[in-house]
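Here is what each chain is made of, one letter per residue.
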Amino acid sequence: MKHNYIIPIFVPHLGCPNDCVFCNQKSISGQKNNMTKEEAKKIIEEYLKSIKDENAEIEVAFFGGSFTAIEEEKQNELLSLAYEYIKEGKIKSIRISTRPDYIDKKILKRLKKYKVKTIELGVQSANNFILEKAGRGHTFEDVKKASKLIRRYGFTLGHQMMVGLPESTRKDEINTAKELIKLKPKMVRIYPVLVLKGTKLEKELKEEKYKPLSIVQAVETCKELVRMFADKKIDIIRVGLQNTDEITDPNNENSEVVAGPYHPAFRQLVESSLWYDAIVEKIKKLNVKVKEVEVTINPIDTNNVIGHKKENIIKLKQTYDVDLRINPDKKIKQGKSKIEITKTFD
């Protein structure tokens, strides 16, 4: 079985023509200096040494900033470096993330030359008013145009969207998911908005012009979005920003996070809540008073079914007086389950 590995190379804010209200790429990536070819080579070599898997499929990913908005010479320098590793058979492919208004036929032809496989677009919202409030500098029409071009040229399309932007409601975010589904991405990332130091959003927070989502609000919305994308077989590759030295608990003095729905296991909260809903729905369909329920799942799903700090077990007991038993079974597909009522009250 092939295992996928990503070598992340961050090019923070290089070439980005806008200053979005939520954005501080140096905080998000942990990368303080602009990326050089020498530094990128060092990162790739270090990762390659650490990957011992003979079945590894390795991808170099240029994240952060707006890759195709960087001066062309710098793009070519970084892409040609990664391409050398493809020719040597040491990596399989290249992935980039960029803005939808910096995609055209000429750019895509050049990316093809370097064997770029995946292009992720920072979409954030399908609502033009919200995009304007966020300072994105592009419209959703740009997203639609870029997405269609990317797919037409044979690239794998990815989308990134945000939850909790200024003026955005849950209805707006569900509508964004609907619009993205129409554009047929292969994958999606969902990011709840965190207020970072040194951003316009921090200023708006201090002036009480912006109120971030609570963790509960963010989980409830993201749960609905995950359901929608999963139903359409769109791969959800991330929910929540990755936890780093900078993106961590706001109470930590080194944290760049000022406020917002930060949690070190945010995706687990979302997935655990989905499992909880599924179990409760099964219980409610029965005409008996359930005392114990057994959930047969793939062992990989155990933590999510139990919940963060056993939240689902505790909540089922407190709310419905139901005991939850877990039956791990490798024959069950990951994400699938068999729910049985094992005991009822007389």
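Residues numbered from 1 in each chain as written. Predicted model: local features only at pLDDT ≥ 70, side-chain atom pairs only at ≥ 80, totals over all residues. Heavy atoms only, no water.

**Points about the sheet that holds strand β11 (residues 323–328)**
At step 1: Ordered by their spatial adjacency, three strands build an open sheet running β11-β10-β12, and the pairing between neighbours is mixed. Only two strands of the sheet have a single neighbouring strand rather than two, namely β11 and β12 (337–344). Taken over all neighbouring pairs, the strand axes of this sheet differ in orientation by 25° on average, direction set aside.
At step 2: Here helix α10 (residues 266–284) sits on the sheet and contacts β10 (290–297), β11 and β12; the angle it forms with β12, its principal contact strand, is near 50°. (Pairing = 2+ DSSP bridges. Helix = DSSP H or I, 4+ residues; strand = E, 2+ residues; numbered from the N terminus. Axes fitted to C-alpha atoms, helices over the stretch in contact; angles between N-to-C directions. Contact = heavy atoms within 4.5 Å.)

**Here's the deal with the confidence of the model for the protein**
At step 1: Across the protein, the average pLDDT comes to 91, with 95% of residues at or above 70.
At step 2: The low-confidence segment residues 27–32, where pLDDT is below 50, has 16 contacts with residues more than four positions distant or belonging to other chains. (pLDDT = per-residue confidence, 0-100.)

**As for the nonpolar core**
At step 1: By size, the foremost hydrophobic cluster in this structure holds 65 residues, and its most contacted members are Phe62, Leu108, Leu111, Ile119, Ile190, Leu225 and Phe229.
At step 2: Ranked by residues supplied to this core, first place goes to helix α9 (residues 215–231) with seven residues.
At step 3: Setting aside residues up to four positions removed in sequence, Phe229 forms contacts with Met161, Ala177, Leu180, Ile181, Val188, Ile190, Ile234 and Ile236. (Core = buried A, V, L, I, M, F, W, Y, C linked by side-chain atoms within 4.5 Å. Buried < 20%, exposed > 50% of the residue type's maximum accessible area, 1.4 Å probe, protein only.)

**Concerning helix α6 (residues 140–152)**
At step 1: Between its first and last C-alpha, α6 extends 18 Å over 13 residues, near the 18 Å set by a 1.5 Å rise per residue.
At step 2: The set of residues buried in α6 consists of Phe140, Val143, Ala146, Ser147, Leu149 and Ile150.
At step 3: The inward-facing, buried residues of α6 contact α4 (105–113), β4 (116–124), α5 (128–133), β5 (156–163) and α7 (170–182).
At step 4: With a side-chain oxygen lying 3.3 Å from the backbone nitrogen of Glu141, the N-terminal cap of α6 falls on Thr139.
At step 5: Looking at the residues trailing α6, positive phi occurs at Gly154, about 85°. (Expected span 1.5 Å × (residues − 1). Polar contact = N/O pair within 3.5 Å; in protein donor to acceptor, adjacent residues only side chain to side chain.)

**Looking at empty space enclosed by the protein**
At step 1: According to the stated counting rule, one finds one cavity of 30 Å³ or more in the structure shown.
At step 2: Its boundaries defined by the atoms lining it, the largest cavity holds a volume of some 70 Å³.
At step 3: In terms of lining residues, the largest cavity is bounded by Pro192, Leu194, Gly240, Leu241, Asn243, Ile247, Pro261, Tyr262, His263 and Phe266. (1 Å grid on protein atoms, 1.4 Å probe; cavity = no way out; pocket = protein on both sides within 12 Å on 5 of 7 lines; lining within 4 Å. Points joined across faces, edges and corners; volume = space filled by probe spheres on them.)

**Overview of the environment of Ser273**
At step 1: Its location among the elements puts Ser273 in helix α10.
At step 2: Counting along the chain gives 31 residues from Ser273 to Asn304, while the straight-line C-alpha distance between them is 8.3 Å.
At step 3: The contacts of Ser273, once residues within four sequence positions are left out, are Val219, Glu220 and Lys223.

**Examining the sheet that holds strand β2 (residues 56–63)**
Note: strands within a sheet are paired through backbone hydrogen bonds, in either parallel or antiparallel orientation.
At step 1: The strand order β1-β2-β3-β4-β5-β6-β8 describes an open sheet built from seven strands, whose pairing is parallel. Unpaired on one side and paired on the other, β1 (3–10) and β8 (235–239) mark the two borders of the sheet. Ignoring which end each strand starts from, the neighbouring axes of this sheet average 20° apart.
At step 2: Of the strand pairs in this sheet, β2 and strand β3 (residues 93–98) are connected by four bridges, and their pairing is parallel. Opposite Glu59, over in β3, you have Ser93 as the bridge partner.
At step 3: Packing against the sheet, α7 makes contact with β4 and β5, and its axis sits at approximately 175° to β5.

**Considerations on the side chain of Arg189**
At step 1: Topologically, Arg189 is positioned in strand β6 (residues 187–192).
At step 2: Arg189 sits in the buried class, given a relative accessible area of 8%.
At step 3: A polar contact is formed between the side chain of Arg189 and the side chain of Glu120, at a distance of 2.6 Å.
At step 4: Leave out the neighbours within four places in its chain, and Arg189 touches Phe63, Arg95, Glu120, His159, Gln160, Met161, Ile237 and Arg238.

**Things to note about the packing of aromatic side chains**
At step 1: On inspection of all chains with the given rule, the structure shows three aromatic pairs.
At step 2: Relative to Phe67, the ring of Phe62 lies with its centre 5.1 Å away and its plane at 25°, an arrangement referred to as stacked.
At step 3: Judged by centre distance (6.3 Å) and plane angle (85°), the rings of Tyr83 and Tyr114 are edge-to-face. With Tyr83 in helix α3 (residues 72–87) and Tyr114 in the loop between α4 and β4, this pair connects stretches of sequence that are 31 residues apart.
At step 4: Over the ring of Phe155 we find Lys112, and its NZ or CZ is 4.9 Å from the ring centre.
At step 5: Lys315 extends its terminal NZ or CZ atom over the ring of Tyr276, reaching a point 4.2 Å from the ring centre. (Phe/Tyr/Trp six-rings, centres within 6.5 Å; stacked < 30°, edge-to-face > 60°. Lys NZ or Arg CZ within 6 Å of the ring centre and 35° of its normal.)

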